[in-house]
Structure formats: C-alpha cells, structure tokens
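Reading the structure
This is what each chain is made of:
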Amino acid sequence: MNFAFWRYQLILSLLFLFWGEFFVSRGILNQLTFNFAIFYPLGFLVGYRRRHEDLRSAYLAALIFNLLSYLLAYLADVPIGSWTLVILDFTSLIVILNIGNYIGLRAQSKE
C-alpha cells in the first residue's frame, strides 16, 4: 500500500468521525447523503490534485473503508437492514467518488 492509500484512509476516518453523529437515522436518502459527505471530498481532492495513481488508491481506500465499516457493524451485532441498501451503498460510493473527481478536475482546470 502506498502513502496515498493511508492518507485517504485517514481522511475517510476523520470525515466518518465528524459526520457520523449527524446521520443517525436510517433510510436510503440518509445513506446517500452520508456517502456524499464522506466520499465527495475524497473524490474532489483526487481530481483537484490530478494524479491518476491517486485515483486508484482512493477507490481502493474507499472500498476497503466501506467493507470494514460493514464488518465492524456485523461484529458489533448491528443489524443490516437490507442487502439492497448495501449494494446501493457501494454503487453510490463509486458514483459520488466519480462526481467529486470530475468537479475537482474542473476546478483545477479553471486555475
């Protein structure tokens, strides 16, 4: 694992700790908003820095982070409401990371 991977894990962890208290209710819209608050800044940072290898590290960090969060929830006996929501969660992760990357690239190209 390279340095960018661990830096992105740290960023995701800090964002999770910050936003985790705000999104305590359940539901699809809440999950999508929470994913946006966590993964959009990471995508924007990668796009703004314009490094292709960082994009791969960001995807890997985000996917592992999401997997670990579900693993921890499972180990703590937190019920997973629906496996459809889990699939939506991972799909939205990829879409939101791409949106953040695109907006970051556009912001960098304007400078």
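Residues numbered from 1 in each chain as written. Predicted model: local features only at pLDDT ≥ 70, side-chain atom pairs only at ≥ 80, totals over all residues. Heavy atoms only, no water.

**Points about the packing of helix H2 (residues 28–49) against helix H4 (residues 83–109)**
Interaxial distance between H2 and H4 falls to 6 Å at its minimum, and their mutual angle equals 35°. Here the hand of the crossing between H2 and H4 comes out right-handed. (Axes fitted to C-alpha atoms, helices over the stretch in contact; angles between N-to-C directions. Helix = DSSP H or I, 4+ residues; strand = E, 2+ residues; numbered from the N terminus. Left-handed = near helix turned anticlockwise from the far one by under 90°.)

**With respect to the packing of aromatic side chains**
Summed over the entire model, instances satisfying the criterion amount to 8 aromatic pairs. Both rings, one in Phe-5 and one in Trp-6, keep their centres 4.9 Å apart while their planes meet at 80°; by these two values the pair is edge-to-face. We classify Phe-5 as buried; its relative accessible area is 4%. Relative to Trp-19, the ring of Phe-18 lies with its centre 4.9 Å away and its plane at 80°, an arrangement referred to as edge-to-face. According to the relative accessible area criterion, Trp-19 is partly exposed, its value standing at 27%. An aromatic cluster of three or more residues is present, and its members are Phe-36, Tyr-40, Phe-44 and Tyr-48. Geometry around Tyr-8 places Arg-7 over its ring, the cationic atom sitting 5.2 Å from the centre. (Phe/Tyr/Trp six-rings, centres within 6.5 Å; stacked < 30°, edge-to-face > 60°. Buried < 20%, exposed > 50% of the residue type's maximum accessible area, 1.4 Å probe, protein only. Lys NZ or Arg CZ within 6 Å of the ring centre and 35° of its normal.)

**What to know about H4**
In this model H4 runs 39 Å from its N-terminal to its C-terminal C-alpha over 27 residues, within 8% of the 39 Å that 1.5 Å per residue would give. By the burial criterion, the buried members of H4 are Val-86, Asp-89, Phe-90, Ser-92, Leu-93, Ile-96, Leu-97, Gly-100, Asn-101 and Gly-104. (Expected span 1.5 Å × (residues − 1).)

**Description of the nonpolar core**
In terms of nonpolar packing, the biggest core is built from 19 residues, with Tyr-8, Leu-12, Ile-38, Phe-39, Leu-42, Ala-62 and Leu-97 touching the most fellow members. For this core, the secondary structure elements donating two or more residues are helix H1 (3–19), H2, helix H3 (52–75) and H4. Looking at which element gives the most residues to this core, the answer is H3, with 6 residues. Contacts of Ile-38, omitting those with residues within four sequence positions, involve Leu-12, Leu-15, Phe-16, Trp-19 and Phe-65. (Core = buried A, V, L, I, M, F, W, Y, C linked by side-chain atoms within 4.5 Å. Contact = heavy atoms within 4.5 Å.)

**Thoughts on the side chain of Asp-89**
Tracing the sequence through the fold places Asp-89 in helix H4. Side chain to side chain, Asp-89 and Asn-35 meet in a polar contact 2.4 Å long. For Asp-89, the residues in contact, after removing those within four places along its chain, are Gln-31, Asn-35, Asn-66 and Tyr-70. (Polar contact = N/O pair within 3.5 Å; in protein donor to acceptor, adjacent residues only side chain to side chain.)

**Considerations on the environment of Trp-6**
One can find Trp-6 in helix H1. Along the sequence, Trp-6 and Ser-57 sit 51 residues apart, while their C-alpha atoms lie 8.8 Å from each other.

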